[in-house]
2 protein chains.
Amino acid sequence: MIKITMAALAASLMLASCGNKGGEVSHATSSKDIAIENILNRKSVRNYLPDTAIAPEVMEGMLRCAMAAPTGMDKRPWRFVVVNNTAAFDTILDESDFNRKMYLSASAVVIFCADTTSTRQDSTGTTVVFPNPIWRDDMGACVENFLLAAEANGLGACWTACYPFAERMAPIKKVFGLPNNVQPYALVAIGYPAGMTQPKDKWKPENIHYDRW
Amino acid sequence: MIKITMAALAASLMLASCGNKGGEVSHATSSKDIAIENILNRKSVRNYLPDTAIAPEVMEGMLRCAMAAPTGMDKRPWRFVVVNNTAAFDTILDESDFNRKMYLSASAVVIFCADTTSTRQDSTGTTVVFPNPIWRDDMGACVENFLLAAEANGLGACWTACYPFAERMAPIKKVFGLPNNVQPYALVAIGYPAGMTQPKDKWKPENIHYDRW
């Protein structure tokens with residue numbers, strides 16, 4: 001079983017001493033700057049302190065952020081499977097899987113799922129099921145909110161796509177018992193970072209055009 | 001031309017007095033809380049103060065956040081057209097378009113675009129172009145980062161999908177001169193909010209499953 005150990009306590013103390021800044025000195029002077037810096041400091045973290053658990057209220061807080069994402073036509077397609085016993089992934093990971101170590105050492109893996117269908121009432125009052133054409137966009141924003149909340153909590157996380165890769169989706173659906181209308185969209189491994197990872201600087205002004213391409 | 005007017009100055013003063021909290025009293029006590037509250041406070045804003053402009057450095061700061069999104073295989077598919085003269089949308093909006101008033105009254109509309117192709121070198125050193133299967137997921141996170149940065153700046157914004165709707169994409173491609181390999185993904189109207197909009201509470205614990213669906 002996963003328990004909070006001395007390593008987790010040490011991690012907490014280390015994180016408490018450097019906030020969510022990855023050890024950098026903070027120049028934030030306002031709420032605006034703090035929120036912006038949290039976005040700019042988010043990075044993919046693939047190495048986690050061993051034998052650490054994420055407190056249930058911390059996980060709930062991050063999922064609350066995930067569910068605060070914008071959603072087209074208010075469809076809210078997101079569903080979540082929080083896997084605290086990450087050994088469950090062992091059965092679906094090939095020995096050669098590059099993420100094997102990451103998943104098995106994470107404190108948790110959250111399976112971001114989506115109900116890709118939607119319903120409406122037709123003119124006779126009958127419920128009609130139809131595909132939601134923009135569920136995937138909601139899910140991207142949903143995962144990003146979760147990752148930013150993880151950063152704010154001093155946690156490290158890494159997003160791996162499941163959808164649209166059938167070879168990833170099928171075993172996850174089976175092992176974790178997803179209903180037919182629910183698809184696994186992404187896996188997010190999460191834990192307390194082992195070591196420091198710097199965010200990438202992806203700023204590229206040439207990507208910006210004004211008024212016309 | 002759009003100029004900074006007394007209305008914009010009044011808006012700035014009003015926003016300065018209530019931070020990014022939409023007038024609510026802040027209970028934030030830490031950087032973590034501030035970053036989380038910014039996520040929970042984001043909402044779709046469709047009414048903007050007239051005759052206001054967004055300072056170029058504010059727009060750049062928000063686009064810097066957009067480009068800090070996670071990106072599969074480091075492909076960074078995002079491109080942007082910042083439309084400050086929003087009258088340009090008049091030619092492509094039907095009189096009945098529900099977003100007509102929003103686009104024409106916004107301080108700016110950002111067209112979030114994506115290069116949906118990717119390249120790699122094959123074994124002979126030849127550059128091969130192939131479709132990027134996960135560009136859309138990067139774009140969802142990219143838009144969300146921008147919306148959160150807007151919230152942090154006291155701005156109000158609204159995300160409307162373009163992709164995969166051909167009837168929306170075609171006129172935008174034409175009017176704004178997008179290259180063939182670049183698709184319009186979404187429109188984000190943005191301005192200083194006229195009035196207060198409360199974020200929706202979308203928390204639903206039944207969406208969360210533990211260890212298995």
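A.B. asks: How should I be thinking about the confidence of the model for chain A in this particular structure?
C.D. replies: Predicted coordinates in regions of low pLDDT should not be interpreted in detail. All names here are of chain A. On average, residues of chain A score 88 in pLDDT, and 86% of them reach the 70 mark or higher. Low confidence marks residues 1–26, where pLDDT is under 50. Its contacts with residues over four positions away, or in another chain, come to 37 contacts. Across the interface, the model reports ipTM at 0.87; the global pTM reads 0.87.

A.B. asks: It is not clear to me how the environment of phenylalanine 165 of chain A should be interpreted in this structure. Could you clarify?
C.D. replies: Position of phenylalanine 165 of chain A among the secondary structure elements: in the loop between β5 (156–161) and α6 (166–176). The sequence separation of phenylalanine 165 of chain A and tyrosine 185 of chain A amounts to 20 residues, and the corresponding C-alpha distance is 9.4 Å. Those residues in contact with phenylalanine 165 of chain A that sit more than four places away from it in its chain are Pro133 and Ile134 of chain B.

A.B. asks: Would you explain the pairing of strand β4 (residues 127–131) of chain A in this entry?
C.D. replies: Regular strands place their side chains on alternate faces of the sheet. The pairing of strand β3 (residues 117–121) of chain A with β4 of chain A spans five bridges and is antiparallel. When the bridges of β4 of chain A are listed, threonine 119 of chain A appears paired with valine 129 of chain A.

A.B. asks: Help me understand the sheet that holds strand β7 (residues 208–210) of chain A, please; the structure alone is not making it clear to me.
C.D. replies: Remark on secondary structure: sheet strands pair via backbone hydrogen bonds, oriented parallel or antiparallel. Taken in spatial order, the five strands of this open sheet run β7(A)-β1(B)-β2(B)-β6(B)-β5(B), and their pairing is mixed. Every interior strand has two partners, whereas the edge strands, β7 of chain A together with β5 (156–161) of chain B, have only one. Averaged over all adjacent pairs, the angle separating strand axes in this sheet is 25°, with direction ignored. Bridging between strand β2 (residues 108–115) of chain B and strand β6 (residues 182–191) of chain B involves eight bridges; their strand directions are antiparallel. Opposite valine 110 of chain B, over in β6 of chain B, you have valine 188 of chain B as the bridge partner. Each of β7 of chain A together with β1 (78–83), β2 and β6 of chain B touches helix α3 (residues 56–66) of chain B; the most contacted strand, β1 of chain B, lies at about 160° to it. Along the sheet, helix α6 (residues 166–176) of chain B makes contact with β1, β2, β5 and β6 of chain B, crossing β6 of chain B at roughly 85°.

A.B. asks: Whenever I open this one, the environment of leucine 40 of chain B confuses me. Can you help?
C.D. replies: Among the secondary structure elements, leucine 40 of chain B is positioned in helix α2 (residues 31–41). The class of leucine 40 of chain B is partly exposed, set by a relative accessible area of 29%. Those residues in contact with leucine 40 of chain B, other than ones at most four positions away along the chain, are Arg64, Cys65 and Ala68 of chain A together with Pro199 of chain B.

A.B. asks: Where do I start with the packing of aromatic side chains in this structure?
C.D. replies: The description of an aromatic ring pair uses the distance of the two centres, along with the angle that the planes make with each other. Overall, the coordinates contain 14 aromatic pairs over all chains when judged by the stated rule. Ring geometry for phenylalanine 112 of chain A versus phenylalanine 146 of chain A: centroids 5.3 Å apart, planes at 80°, classification edge-to-face. Of this pair, phenylalanine 112 of chain A sits in strand β2 (residues 108–115) while phenylalanine 146 of chain A sits in helix α5 (residues 135–152), and the two are 34 residues apart along the sequence. Residue phenylalanine 112 of chain A is classed as buried on the basis of its relative accessible area of 0%. Owing to a relative accessible area of 0%, phenylalanine 146 of chain A belongs among the buried residues under this scheme. A ring pair is formed by tryptophan 135 of chain A and tyrosine 163 of chain A, whose centres lie 4.8 Å apart and whose planes are at 80°; its orientation type is edge-to-face. With tryptophan 135 of chain A in helix α5 and tyrosine 163 of chain A in the loop between β5 and α6, the pair connects residues that are 28 residues apart, well separated along the chain. Put simply, the rings of Trp135, Trp159, Tyr163 and Tyr185 of chain A touch in pairs and so form one group of aromatic residues. Across the ring face of tryptophan 203 of chain B, the terminal group of arginine 64 of chain A is positioned such that the distance to the ring centre comes to 4.4 Å. Here the guanidinium or amino end of arginine 168 of chain A rests over the ring plane of phenylalanine 165 of chain A, the centre of that ring lying 4.8 Å away.

Parameters and conventions
- Residues numbered from 1 in each chain as written.
- Chains lettered and ligands numbered in written order.
- Predicted model: local features only at pLDDT ≥ 70, side-chain atom pairs only at ≥ 80, totals over all residues.
- Heavy atoms only, no water.
- pLDDT = per-residue confidence, 0-100.
- Contact = heavy atoms within 4.5 Å.
- Helix = DSSP H or I, 4+ residues; strand = E, 2+ residues; numbered from the N terminus.
- Pairing = 2+ DSSP bridges.
- Axes fitted to C-alpha atoms, helices over the stretch in contact; angles between N-to-C directions.
- Buried < 20%, exposed > 50% of the residue type's maximum accessible area, 1.4 Å probe, protein only.
- Phe/Tyr/Trp six-rings, centres within 6.5 Å; stacked < 30°, edge-to-face > 60°.
- Lys NZ or Arg CZ within 6 Å of the ring centre and 35° of its normal.

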